[in-house]
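Breakdown of the fold
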Amino acid sequence: MMKKFFSILSVFALIFTVASCGDDNKEPQPETVTRSAQMINHIVKSASGEVLPLSESKIDYTIDRNNRKVTEVTLRVAIDGAAETTVKITDIQSETNDQICTFKGSGNGVQNLVGRFDFNEGTIRVNYDLDGTYRVISTMPEIFSTECATSCIYTDGTTSKSDGTMYQFSIDPASLTSSMTVMYLLDQSKKRTLTSVKTLTKAKVAVTKEGYVVESETTIPTTTTYKFNGKLTTTTLYPVSKLKATIDLENDKYEATMQLGSIAVTANGKVTN
């Protein structure tokens, strides 16, 4: 009798184990949340390449936090002063790799929608064609390059290179200006890493077919922080001059040259948000 009882228990244990393994292969139950973000719309006429005025609008997007997906997007865009167009896209294919979700979709006059959402930073960006007439690239006002090769030339002729320097531009579409922050730049001449260099006035922004050119012929004052003896120290000794930064949104490229105090800086990398 006891042998039969233990045999029955073994069968139930086996069934439970198989059922549990089967559940492991299923996706977690969706946990969705809808968010909004203020975006800048870079708009170009597809046929002629004419660059239209920038517009601002909100984007709504729904993410599945358990399955790391973007499941729905509501786009809004005003073309050349016309009334705002709203398009909801629900047929979306998502793929997430290392916290970055890339997604594609189309429908309701939107073609070739390609988007990117960063689960760590909470940033979103979308590129799409509208009615076969306009090419729209919607980004948040802050544009980052965090994957960038930076070369520095110092006054004594020595040089240094780094892959860890990051750049941030905050675009103001109304005034067509931008502030800039440079992060984690090595000043080898003084044996220090500049944690951040923030411009105190803005540079001019030119809108191009591919994105933006941020440029300044005048010297821009900055506030710079760096670590010294384990403490953060602030200085104004790294003003920005001879700035020219090209932000290619269509091809995700970033190039810049500038003078940072006495350091000549050249940067080449990717737009990463």
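Scroll up to find the structure this text is about.
Note that the coordinates shown come from a computational prediction; the quantities given were computed from them, not determined experimentally. The written sequence of each chain sets the order in which its residues are numbered from 1. Reporting of local features is limited, given that this is a predicted model, to residues whose pLDDT is at least 70; pairs of side-chain atoms are given and counted only at 80 or more, and all residues count toward the totals for whole chains, interfaces and linings. The basis for every side-chain value is the complete set of heavy atoms in the structure, and neither hydrogens nor water enter the calculation.

1. Some details on the overall build of the protein chain
Helix and strand definitions follow DSSP, with helices as H or I runs of at least four residues and strands as E runs of at least two, each counted in order from the N terminus. When its secondary structure is counted, the protein chain shows one helix and 22 strands. Whereas a compact globule of 273 residues would reach a radius of gyration of roughly 19 Å, the protein chain reaches 25 Å, over 25% beyond that. Each principal axis of the C-alpha distribution contributes one length, and for the protein chain these read about 90 × 55 × 25 Å. Looking at the 273 residues of the protein chain, the share that counts as buried comes to 41%. In the protein chain, the share of contacts with a sequence separation of at least 24, taken over all contacts with a separation of at least 6, comes to 46%. For accessible areas, the Shrake-Rupley method is used with a probe of radius 1.4 Å. Any residue's cover is judged against the shown protein chains and nothing else. Of the roughly 14900 Å² that the protein chain leaves accessible, carbon and sulfur atoms contribute 52%. Positive and negative side-chain charges of the protein chain, numbering 29 and 31 respectively, have mean locations separated by a distance of 6 Å. Atoms counted for the radius of gyration: C-alpha only. Globule rule: 2.2 Å times the number of residues to the power 0.38. The buried label applies to any residue whose accessible area, calculated with a 1.4 Å probe on protein chains only, is under 20% of its type's maximum; exposed applies above 50%, and partly exposed to all values in between. Contacts are assigned to residue pairs with any non-hydrogen atoms lying within 4.5 Å of each other. Under the convention used here, Asp and Glu are negative, Lys and Arg are positive, and both His and the chain ends fall outside the count. Charge positions are represented by NZ for Lys, CZ for Arg, CG for Asp and CD for Glu.

2. Overview of the side chain of Asn127
In this fold, Asn127 is placed in strand β8 (residues 124-130). With sequence-adjacent residues up to four places away left out, Asn127 is seen in contact with Asn112, Leu113, Val114, Arg135, Val136, Ile137 and Leu249.

3. Observations concerning the side chain of Thr139
Here Thr139 lies in strand β9 (residues 134-139). Residue class for Thr139 comes out buried when judged on its relative accessible area of 3%.

4. Side note on the environment of Ser94
Mapped onto the secondary structure, Ser94 falls in strand β5 (residues 92-97). As for Ser94 and Gly105, which are separated by eleven residues in sequence, their C-alpha atoms are 9.0 Å apart. Sequence-distant contacts of Ser94, defined by excluding residues within four places in its chain, comprise Lys69, Val70, Cys101, Thr102 and Phe103.

5. Some remarks on the sheet that holds β5
The pairing criterion is simple: DSSP has to find at least two bridges between the two strands. With antiparallel pairing, the nine strands of this open sheet are ordered in space as β4-β3-β2-β1-β9-β8-β7-β6-β5. Strand pairing shows two members of the sheet lacking a second neighbour, β4 (85-89) and β5, which therefore form its edges. Across the sheet, the mean angle separating the axes of adjacent strands is 20° when strand polarity is ignored. In this description, a line fitted to the C-alpha atoms serves as the axis of each element, helices being fitted only across the stretch in contact, and the angle between N-to-C directions of two axes falls anywhere from 0 to 180 degrees.

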